[in-house]
Amino acid sequence: MNGMLTTGLLHWPLWSLVIVWLATLHVTVVAISLYLHRDQTHRAVTLHPLVRHFFRFWIWLTTATSTREWVAVHRRHHTQVDVPGDPHSPRVFGLKAVLFDGVNLYRQAASDPETLRTFGHGTPSDWVERVVYDGRGNLVGILLLMVLETVLFGPLGLTLWAFQMMGIPVLAAGIVNGLGHAMGYRNFDTPDVSRNILPWGVLCGGEELHNNHHAFPGSARFSQKRGEFDLGWMYLFILEHMGLARIERVSTQGPHANPGQTLVGHKVHLMSIYLREVMRPTWHMVRRSGFRPTRRDRHLFWLAPKLLDGSDSDRADLDHLLASEPVLRTVYEFRERLHRIWENGALAADRLEGLREWLNQARASGVHPLEFFSERLHLLIDNPALATESLLPTR
Ligand SMILES: [Zn+2]
Ligand SMILES: [Zn+2]
């Protein structure tokens, strides 16, 4: 029966290597999500120095990733989401490229000194970072791991190592960056094509709630609706109670919280409600009256208006669609104008003023869902307390 055991220092059954593989991969996923992403990139949480250092060490040992590079590439992704300049958008590069060649896209972005200079600030720069983790010793970690596992498990340890090396590119670079901008559902009308892949995720540590994250990048918690589970948040919750993490920000409750409370401050909530309660019913109303949209019509109608700017043919095709269906044009134009209210007025009072004007015109638009929406919203914003809601309240 010896053939069923590993041959290194440890004589473990073969199946235990699968457990080791999954467990180490999971720690890596959590390290990336909690340390690289929520702590270093977005400063949504401040991890205890001990926890930070454990994660730094672990990321070095299992992925040879530089904190500064990862943070810079990801911050750039947030500033140029799904438009040219985004380091890994399936909308820019095609889904196949991001799924199967995401690592190369990442490497390209990470080797751009301009990206590092502009977005890499605030990451560790102590001796161990300069010399080991992000210096000449960068690859020593994964080589050390290879040697260690070969000693412990014999030649099969090498296979285990190879699987570990494959895991992260697939999970992070491929699934979250690729599918997180291509497949799944949207809670929020963010100006990008980000999506929540699944409402629950053990595999990606909460990162698969990617549309929620783009709606509230500064929030330490990624889940927004009932039924959504963010594993990374569960760990943060535990760490906080152990005194090992300080939560800096969490977003307010999702779109199903009382909408009036968040309307004026939270553009993203309002836009999402607009999509659900005006755009969607109007779309179906027009379809019932005989309109037969193509797939492309549907795609363009729902795409965030900002993303149309890069392509003349997208804009032209959408204009063609809107010209043939005046009711769709009305709700679409009101959507764009609603977006613009937040661009013009930085002050809550300016936004409120703009919103009032918008509401008055929407109430006379002649499109039933839009009129109904504006009636209800009008009642809500007349409560002056709502106008002073801050953008992202600290807990
Ligand atoms: Zn993204
Ligand atoms: Zn992010």
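Everything below is about the structure printed above this text.
Remember, it's a predicted structure, so these values are computed and weren't measured experimentally.

A.B. asks: It is not clear to me how the overall build of the chain should be interpreted in this structure. Could you clarify?
C.D. replies: Helix and strand counts for the chain stand at 19 helices and four strands. Residue burial in the chain is summarised as follows: out of 395 residues, 50% are buried. Seen as two clouds, the 40 positive and the 37 negative side-chain charges of the chain have centres 2 Å apart.

A.B. asks: Would you mind showing me how to read the layout of surface pockets here?
C.D. replies: One simple way to see leftover space: roll a probe sized like a water molecule over the atoms. Put simply, the largest pocket is a space of about 1000 Å³. Of all elements in the fold, only helix H4 (90–93), helix H13 (267–288) and helix H14 (295–302) reach the threshold of two or more residues within the lining of the largest pocket. Structurally, the lining of the largest pocket is a two-domain feature, drawing no fewer than three residues from each of domain 1 (2–247) and domain 2 (259–387).

A.B. asks: Mind showing me how you'd approach the packing of H13 against H14 here?
C.D. replies: Running from N to C, H13 and H14 cross one another at 155°; their axes reach a closest spacing of 12 Å. By the criterion of interaxial angle, the relationship of H13 to H14 is roughly antiparallel. Considering how the two elements wind past one another, H13 and H14 form a crossing that is right-handed. On the side of H13, the interface is formed by Leu275, Met279, Arg280 and Trp283, while H14 contributes Asp297, Arg298, Phe301 and Trp302. Residues of the contact of H13 with H14, tallied by class, amount to five nonpolar, no polar and three charged.

A.B. asks: Which parts of the structure should I look at to understand the coordination of the zinc ion (ligand 1)?
C.D. replies: When a metal holds four donors in a tetrahedron, each ideal angle between them is 109.5 degrees; when it holds six in an octahedron, the ideal angles are 90 or 180 degrees. Coordination sphere of the zinc ion (ligand 1), protein contribution only: His77 (NE2), His181 (NE2), His210 (NE2) and His214 (NE2), at 2.0 to 2.1 Å. Classification of the site at the zinc ion (ligand 1) rests on its four donor atoms, whose angles at the metal span 96 to 152°, yielding the label irregular. We note that the donor set of the zinc ion (ligand 1) lies within a single chain, spaced as H-x103-H-x28-H-x3-H. Taken together, the residues span a long stretch of sequence, with His77 in helix H3 (residues 67–79) and His210 in helix H10 (residues 210–215) at a distance of 133 residues. In this structure, His77 and His210 share a single accessibility class: buried.

A.B. asks: It is not clear to me how the environment of Arg56 should be interpreted in this structure. Could you clarify?
C.D. replies: Structurally, the position occupied by Arg56 is in helix H2 (residues 49–63). Along the chain, Arg56 and Ala31 lie 25 residues apart, while their C-alpha atoms are 7.9 Å from each other. Every residue in contact with Arg56, bar those within four places of it in the chain, is listed here: Tyr35, Pro124, Asp126, Val128, Glu129 and Tyr133.

A.B. asks: Sorry if this is basic, but what is going on with the coordination of the zinc ion (ligand 2) here?
C.D. replies: Bound to the zinc ion (ligand 2) are the protein donor atoms His37 (NE2), His42 (NE2), His74 (NE2), His78 (NE2) and His213 (NE2), situated 2.0 to 2.1 Å from the metal. Donor residues for the zinc ion (ligand 2), ordered by position in the chain, follow H-x4-H-x31-H-x3-H-x134-H. For the pair His37 and His42, a shared accessibility class is recorded, and that class is buried.

A.B. asks: Looking at this structure, I do not really get empty space enclosed by the protein. What am I missing?
C.D. replies: Under the criterion given, the structure shown has three cavities of 30 Å³ or more. Volume-wise, the second largest cavity comes out at about 50 Å³. Lining the second largest cavity are Arg56, Ile59, Trp60, Thr65, Ser66, Thr67, Glu129 and Tyr133. Of all elements in the fold, only H2 and helix H7 (127–133) reach the threshold of two or more residues within the lining of the second largest cavity. The leading source of residues in the lining of the second largest cavity is H2, at three residues. Its residues assigned to classes, the lining of the second largest cavity shows three nonpolar, three polar and two charged.

A.B. asks: Even after reading the chapter, I still don't get the nonpolar core, so can you show me in this structure?
C.D. replies: Across soluble globular proteins, you tend to see nonpolar side chains buried next to one another. Leu47, Phe55, Ala220, Leu236 and Ile247 are the most contacted members of the largest nonpolar core, which has 40 residues in total. Not counting the four nearest positions on each side in its chain, Leu47 is found in contact with Leu34, Tyr35, Asp39, Arg52, Phe55, Leu236, Leu239, Leu244 and Ala245.

A.B. asks: Any chance you could explain helix H8 (residues 140–153) here in plain terms?
C.D. replies: Since there are 3.6 residues in each turn of an α-helix, residues three or four apart along the chain are aligned in direction. With 14 residues, H8 extends 20 Å from end C-alpha to end C-alpha; this agrees with the ideal 20 Å at 1.5 Å per step. If you check which residues of H8 are buried, you get Gly141, Ile142, Leu145, Glu149 and Phe153. The arc that holds the buried residues of H8, viewed along the axis, is 90°, so those residues lie on one side. Here the buried face of H8 lies against helix H1 (15–41), H2 and helix H9 (155–179).

A.B. asks: Sorry, what's going on with a positive patch on the surface here?
C.D. replies: Residues Arg287, Arg292, Arg295 and Arg298 make up a contiguous surface patch of positive charge. Locating Arg295 in the fold gives a position in helix H14.

Each value, and the rule that gives it
- Residues numbered from 1 in each chain as written.
- Chains lettered and ligands numbered in written order.
- Predicted model: local features only at pLDDT ≥ 70, side-chain atom pairs only at ≥ 80, totals over all residues.
- Heavy atoms only, no water.
- Helix = DSSP H or I, 4+ residues; strand = E, 2+ residues; numbered from the N terminus.
- Buried < 20%, exposed > 50% of the residue type's maximum accessible area, 1.4 Å probe, protein only.
- Lys, Arg positive; Asp, Glu negative; His and termini not counted.
- Charge placed at Lys NZ, Arg CZ, Asp CG, Glu CD.
- 1 Å grid on protein atoms, 1.4 Å probe; cavity = no way out; pocket = protein on both sides within 12 Å on 5 of 7 lines; lining within 4 Å.
- Points joined across faces, edges and corners; volume = space filled by probe spheres on them.
- Domains from an automatic or database assignment.
- Axes fitted to C-alpha atoms, helices over the stretch in contact; angles between N-to-C directions.
- Parallel < 35°, antiparallel > 145°, perpendicular 65-115°, else oblique.
- Left-handed = near helix turned anticlockwise from the far one by under 90°.
- Contact = heavy atoms within 4.5 Å.
- Nonpolar A, V, L, I, M, F, W, Y, C, P; charged D, E, K, R; others polar.
- Donors = N, O, S within 2.8 Å, 3.2 Å for Na, K, Ca; no water.
- Tetrahedral: all angles 85-135°; square planar, octahedral: opposite > 155°, others 65-115°.
- Core = buried A, V, L, I, M, F, W, Y, C linked by side-chain atoms within 4.5 Å.
- Expected span 1.5 Å × (residues − 1).
- Arc of directions from axis to C-beta.
- Patch = residues over 30% accessible without salt bridge, like charges linked within 9 Å, V, L, I, M, F, W, Y side chains within 5 Å.
- Areas by Shrake-Rupley, 256 points an atom, 1.4 Å probe, with all protein chains shown as cover.
- Salt bridge = Lys/Arg side-chain N within 4 Å of Asp/Glu carboxyl O.

Distances and angles like these do not, on their own, reveal function.
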